[in-house]
Amino acid sequence: MSPIETERLRLRRWRDADRAPFAAMSADPAVMEFFPSPLTPEQANAFVDRIEAHWDAHGFGNYALEERATGAFVGLTGVFRVFPEAHFAPSVEIGWRLARPFWSQGYAREAAEAVIATAFAEHDFPEIVAFTAVPNIRSAALMQRLGMTRNAADDFDHPGVAEGHPLRRHVLYRLSRADYERR
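Basis of the calculations
Residues numbered from 1 in each chain as written. Predicted model: local features only at pLDDT ≥ 70, side-chain atom pairs only at ≥ 80, totals over all residues. Heavy atoms only, no water. Helix = DSSP H or I, 4+ residues; strand = E, 2+ residues; numbered from the N terminus. Buried < 20%, exposed > 50% of the residue type's maximum accessible area, 1.4 Å probe, protein only. Pairing = 2+ DSSP bridges. Right-handed = clockwise from strand over helix to strand, strands pointing away.

Comments concerning unusual backbone geometry
Piece 1. Cis geometry marks the peptide bond from Ala89 to Pro90, where omega comes out at -5°.
Piece 2. Assignment of secondary structure puts Pro90 in the loop between strand 4 (73-81) and strand 5 (92-98).
Piece 3. Although it is not a glycine, Ser104 adopts a positive phi angle of roughly 60°.
Piece 4. With respect to the helices, strands and loops of the structure, Ser104 is situated in the loop between strand 5 and helix 3 (107-122).
Piece 5. Residue classification places Ser104 among the exposed residues on the basis of a relative accessible area of 70%.

Next comes the structure, spelled out in structure tokens:
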């Protein structure tokens, strides 16, 4: 997918300079509240390596978000292939994670709308999915604002979260190409 510019954001491939602010964001307990645990610097670096490998293998992935006015690292948003054991695989998932100073400013929605538009324009994806842990009502609300819909029968236990962990149960939202084009 091409780099994207929105009114306030630049969505682009990752740079080495993004690693430190990404690691800091991923170590923040508030940012990582709905993940099993914050990431260590080594885990954050490995995550960026996986993002870049996904880009190289598939031609799309998570963008680094940069505030156009300041050049500040904001977070990530993008689409990527879901884990193969998912009952909704093969499919692509949109995800986002923003550093706390950029919360509640509409950046996640601005970036996600641009990613969805570009993903459907540049690829033949029949749908884009999103999922989050059940307690993450803010992300679920954004999924709804993006026009995604949930069928409770699609909810699932995330295989990457330990059995019995309170974040194991996830809700799944979908946005079909047909529904997107009707909007």
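Brief notes about the pairing of strand 4
Piece 1. Taking burial as the measure, the 9 residues of strand 4 include 7 buried ones, the bulk of the element.
Piece 2. Pairing of strand 3 (residues 62-67) with strand 4, which is carried by 5 bridges, proceeds in the antiparallel orientation. Bridged to Asn62 within strand 4 is Gly78.
Piece 3. Taking the residues that link successive antiparallel strands as the turn, the strand 3-strand 4 hairpin has 5 residues, and the phi of Gly71 there is positive, at about 80°.
Piece 4. Pairing analysis gives 7 bridges linking strand 4 to strand 5, with the strands arranged antiparallel. From the neighbouring strand, Phe80 faces strand 5, where its bridge partner is Glu93.

Structural notes on the pairing of strand 6 (residues 127-133)
Piece 1. Of all 7 residues that make up strand 6, 7 are buried, and the element is covered over most of its length.
Piece 2. Two strands pair when backbone bridges link them, and strand 5 and strand 6 are joined in this way by 2 bridges, in the parallel orientation. Paired with Val92 across the bridge in strand 6 is Ile128.
Piece 3. With respect to chirality, the unit in which strand 5 leads through helix 3 into the neighbouring parallel strand 6 is right-handed.
Piece 4. In terms of strand pairing, strand 6 meets strand 9 (residues 169-176) through 7 bridges, oriented antiparallel. In the sheet register, Ala130 faces strand 9, and the bridge partner there is Tyr173.

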